[in-house]
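# Chain and residue survey
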Amino acid sequence: MEPGSVLIIVALLMLFTFLGLGAWATVKVIGAAKRGVDRTITQARRTVEDTTLKAKSLGQVGVPGALAQLRLDLRTSMRATQQALYRGAQQDPSLKESIGLFERLSAHGYELDDELKRLEQESDRKRTAELLPDLRERTAKIIESADSLRWAARDRARRFAQDDLSSLSAQIEVESGALRDWSRESVDELAEAAAAWDAAQERSSGPTAAPGAGPARPAALDPSKPAQRHPWQKTARPEPTT
């Protein structure tokens, strides 16, 4: 195969590779954008539904107002618990088991919310009113369970924060004591170093003794000095020369 053909094949392979990567990146970007749009739409729809439920619970009486209030209480409790558990699980992995229980509870919550929503459109208000005691009981059980999980997670996080603060305070107290001891020891070390330096200076300024020699003693006779004459000694006479 000629070198030119090989170069063409390699260039085509690189081109197809770049095109494939570009297409994959485009799909990923489109998917992320779609998920972002879906989340925005879901949040907007949820906000509209909550606002509508608040308006119904306050502006309507009887069965419609009661149903709207039950849905509003249920959704508020479930949403708050979901946020508390999922945020807490980012720092406390042990909450994953609680999240599993909450997801099972959420299945009952979704079912009840759908039933309440259908009953809002029910024309037989009398029949719906007969169902209200059971609906209130089911709603109360779900809300109580959700609140229990939420407050337990918050109490756990608060306890961890208190324990961490207590441990940090104890460490700071130990460090503060160490700093004070270090300051006092530094002064003592400086005084000892000064005393050692003075002693070394005194030793270096004294007479240097020969190696192996004993302590220096005064000489018994010093020939460099004239002999001392005593008053009872006679003057020496010169000897005759002849």
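Residues numbered from 1 in each chain as written. Predicted model: local features only at pLDDT ≥ 70, side-chain atom pairs only at ≥ 80, totals over all residues. Heavy atoms only, no water.

A few words now on the overall build of the chain. A count of helices and strands for the chain gives four helices and zero strands. What you see in the chain, going N to C, is helices and strands ordered as α-α-α-α. Out of the 242 residues in the chain, the part that is buried amounts to 18%. In the chain, 67% of the contacts between residues at least 6 apart in sequence involve partners at least 24 apart. (Helix = DSSP H or I, 4+ residues; strand = E, 2+ residues; numbered from the N terminus. Buried < 20%, exposed > 50% of the residue type's maximum accessible area, 1.4 Å probe, protein only. Contact = heavy atoms within 4.5 Å.)

A few words on the confidence of the model for the chain. Of the residues in the chain, 68% reach a pLDDT of 70 or more, and the chain-wide mean stands at 77. The lowest-confidence element of the chain is helix H1 (residues 3-59), averaging 69 in pLDDT; the highest-confidence one is helix H3 (residues 96-120), averaging 93. (pLDDT = per-residue confidence, 0-100.)

Inspection of the secondary structure assignment puts Gly62 in the loop between H1 and helix H2 (63-89). When its relative accessible area of 54% is taken as the criterion, Gly62 is described as exposed.

A surface patch of nonpolar side chains, amounting to about 510 Å² of accessible area, comprises Ile8, Leu12, Leu15, Phe16 and Leu19. With respect to the helices and strands, the residue Leu15 is situated in helix H1. The exposure class assigned to Leu15 is partly exposed, which follows from its relative accessible area of 45%. (Patch = residues over 30% accessible without salt bridge, like charges linked within 9 Å, V, L, I, M, F, W, Y side chains within 5 Å. Areas by Shrake-Rupley, 256 points an atom, 1.4 Å probe, with all protein chains shown as cover. Salt bridge = Lys/Arg side-chain N within 4 Å of Asp/Glu carboxyl O.)

Before going further, it helps to spend a moment on the packing of aromatic side chains. Working definition: an aromatic ring pair is given by the centre-to-centre distance plus the angle between the planes. In the structure shown here, the tally under the stated rule is zero aromatic pairs. The aromatic ring of Trp151 is capped on one face by Arg154, whose charged end is 5.1 Å from the ring centroid. (Phe/Tyr/Trp six-rings, centres within 6.5 Å; stacked < 30°, edge-to-face > 60°. Lys NZ or Arg CZ within 6 Å of the ring centre and 35° of its normal.)

A word on the nonpolar core. Core analysis: the biggest nonpolar cluster contains 22 residues, and Leu67, Met78, Leu132 and Leu135 have the highest contact counts within it. Taken together, the elements giving at least two residues each to this core come down to H2, H3 and helix H4 (125-205). At eight residues, the largest contribution of residues to this core is made by H2. (Core = buried A, V, L, I, M, F, W, Y, C linked by side-chain atoms within 4.5 Å.)

The next thing to look at is the pattern of salt bridges. Counted according to the given criterion, the structure contains 10 salt bridges. A salt bridge links Arg127 to Glu130, with the nearest nitrogen and oxygen atoms 3.3 Å apart. On the criterion of helical spacing, the pair formed by Arg127 and Glu130 is a turn pair, its members being three residues apart in helix H4. Judged by relative accessible area, which is 48%, Glu130 ranks as partly exposed. Its salt-bridge partner being Arg150, residue Asp147 comes within 2.7 Å of it at the nearest N-O pair. Of this pair, Asp147 and Arg150 both sit in helix H4, separated by three residues, roughly a single helical turn. The network of salt bridges with common partners includes Arg71, Arg75, Asp113 and Glu120.

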